[in-house]
Amino acid sequence: MNSIVAKDLVKVYNQKVTALKEVSITINQGEFIVVMGHSGSGKSTLLQMIGLLDLPTSGSIFINSKDVSKLPKNAIADVRQKSLGFVFQAFHLNPQLKAYENVMLPMLINPEYKNKAEMEKKAKELIDVVGLSERAEHYPSQLSGGEQQRVAVARALANDPDFILADEPTGNLDSENEVIIFTLLKELAQQGKGIMVVSHNESILEYADRVYYMKDGVLGDEKR
Ligand SMILES: Nc1ncnc2c1ncn2[C@@H]1O[C@H](COP(=O)(O)OP(=O)(O)OP(=O)(O)O)[C@@H](O)[C@H]1O
Ligand SMILES: [Mg+2]
């Protein structure tokens, strides 16, 4: 079973704002982990560090026991592409592409896919996984916010990552769609993905295997 282990992460922005103060956290495959906290507490910063989207000022990130935080930039990008999928508050779909074509996008730079037909097949399977079989050929403008976010979840699964990191994934959704997205992420955890969601939405708590509260860059003790 694979895991992400973040150890003693410190992030200082512009040599003055300390957004993370020696934060350590582990995400195992098959777990749904939630990090809650007020605005500005450092949740997104933590997700950016764990997601290898930005480097910590100090500390390490181990993925499957390997310290990836000290690798050269292109190797980090490679790990990110293979092991991690992302979902953000804004869906960031390409409006010119159909739903399944959006899901194909991350596959285009993955050498494991041999040809376009294979990518198309996989993308349509993932559209099925998120319950949008009938909408595969639709453009984002023809989909509701909740449906667009489901496409974004399918896109996060494109390269079959072990982990999905989500930053306020229901921030733009109503409570009905919130339930759909949280349930979908929970199912993915039960199927073996490691899921970390950062949020200040209390309704996520019932889905969590473990919950952490962040305050002023400090991660509190775990609560079940
Ligand atoms: N790129 C940046 N440059 C400078 N300061 C930053 C940057 N990103 C975040 N910060 C600061 O770091 C601290 C933590 O911000 P962060 O975005 O991680 O909080 P958050 O918990 O995600 O907040 P929110 O709930 O509003 O999304 C804040 O003081 C913020 O202003
Ligand atoms: Mg944030």
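Residues numbered from 1 in each chain as written. Chains lettered and ligands numbered in written order. Predicted model: local features only at pLDDT ≥ 70, side-chain atom pairs only at ≥ 80, totals over all residues. Heavy atoms only, no water.

Let us now look at the overall build of the protein. Broken down by element type, the protein carries 6 helices and 10 strands. Taken over C-alpha atoms, the radius of gyration comes to 17 Å for the protein, in line with the 17 Å a tight globule of 224 residues would show. If you line up the protein on its principal axes, its C-alpha atoms span 45 × 40 × 35 Å. Each of the 224 residues in the protein was classed as buried or not, and the buried ones make up 50%. Partitioning the intrachain contacts of the protein with sequence separation of at least 6 by distance along the chain shows that 69% fall at a separation of at least 24. About 10800 Å² of surface is accessible on the protein, with carbon and sulfur atoms providing 48% of the total. The averaged location of the 29 negative side-chain charges in the protein is 6 Å from the averaged location of its 25 positive side-chain charges. (Helix = DSSP H or I, 4+ residues; strand = E, 2+ residues; numbered from the N terminus. Rg over C-alpha atoms; globule rule 2.2 N^0.38 Å. Buried < 20%, exposed > 50% of the residue type's maximum accessible area, 1.4 Å probe, protein only. Contact = heavy atoms within 4.5 Å. Areas by Shrake-Rupley, 256 points an atom, 1.4 Å probe, with all protein chains shown as cover. Lys, Arg positive; Asp, Glu negative; His and termini not counted. Charge placed at Lys NZ, Arg CZ, Asp CG, Glu CD.)

Right, let's talk about the sheet that holds strand E9 (residues 210–215) for a bit. Taken together, the 6 strands give an open sheet; going across it, the order is E6-E7-E8-E3-E9-E10, and neighbouring strands pair in mixed fashion. Of all strands in the sheet, those bounded by a partner on one side alone are strand E6 (84–87) and strand E10 (218–219). Both strand E3 (residues 32–37) and E9 contribute to a ladder of 5 bridges, which runs parallel. Opposite methionine 36, over in E9, you have tyrosine 213 as the bridge partner. (Pairing = 2+ DSSP bridges.)

This part is about the packing of aromatic side chains. One pass over the full model with this rule turns up 2 aromatic pairs. Taking the centre distance of 6.0 Å and the plane angle of 0 degrees together, the rings of phenylalanine 86 and phenylalanine 88 count as stacked. What makes phenylalanine 88 partly exposed here is its relative accessible area of 27%. Between the aromatic rings of phenylalanine 182 and tyrosine 207, the centroid separation amounts to 5.4 Å while the plane-to-plane angle is 55 degrees, which identifies the pairing as tilted. In this pair, phenylalanine 182 is assigned in helix H6 (residues 175–190) and tyrosine 207 in the loop between strand E8 (194–199) and E9, connecting sequence segments 25 residues apart. Assigned by exposure class, phenylalanine 182 and tyrosine 207 land together as buried. The positively charged end of lysine 124 is found above the aromatic ring belonging to tyrosine 100, 4.4 Å away from the centroid. (Phe/Tyr/Trp six-rings, centres within 6.5 Å; stacked < 30°, edge-to-face > 60°. Lys NZ or Arg CZ within 6 Å of the ring centre and 35° of its normal.)

Attention shifts here to the nonpolar core. One finds Phe32, Val103, Met107, Ile127, Val151, Leu185 and Ile195 to be the most contacted residues of the largest nonpolar core, which totals 42 residues. Among the secondary structure elements, those contributing two or more residues to this core are E3, helix H3 (99–104), helix H4 (116–129), helix H5 (145–156), strand E7 (163–167), H6 and E8. For this core, the element with the highest residue contribution is H6, accounting for 6 residues. Beyond its immediate stretch of four places on either side in the chain, methionine 107 contacts Tyr113, Met119, Lys122, Ala123, Leu126, Ala158 and Asn159. Counting 28 residues, the second largest nonpolar core, distinct from the first, contains Ile4, Ile25, Phe86 and Tyr212. (Core = buried A, V, L, I, M, F, W, Y, C linked by side-chain atoms within 4.5 Å.)

Before going further, it helps to examine the site of ligand 1. As a matter of local geometry, ligand 1 sits amid 13 residues, with Ser39, Gly40, Lys43, Ser44 and Thr45 nearest to it. In this structure, an oxygen atom belonging to ligand 1 sits 2.8 Å away from a main-chain N or O atom of glycine 40. The backbone of glycine 42 places a nitrogen or oxygen atom 3.0 Å from an oxygen atom of ligand 1. If you tally residues by element for the shell around ligand 1, the top one is helix H1 (residues 43–50), at 3 residues. Of the residues in the shell around ligand 1, the class split is 3 nonpolar, 9 polar and 1 charged. (Near = heavy atom within 4 Å. Polar contact = N/O pair within 3.5 Å; in protein donor to acceptor, adjacent residues only side chain to side chain. Nonpolar A, V, L, I, M, F, W, Y, C, P; charged D, E, K, R; others polar.)

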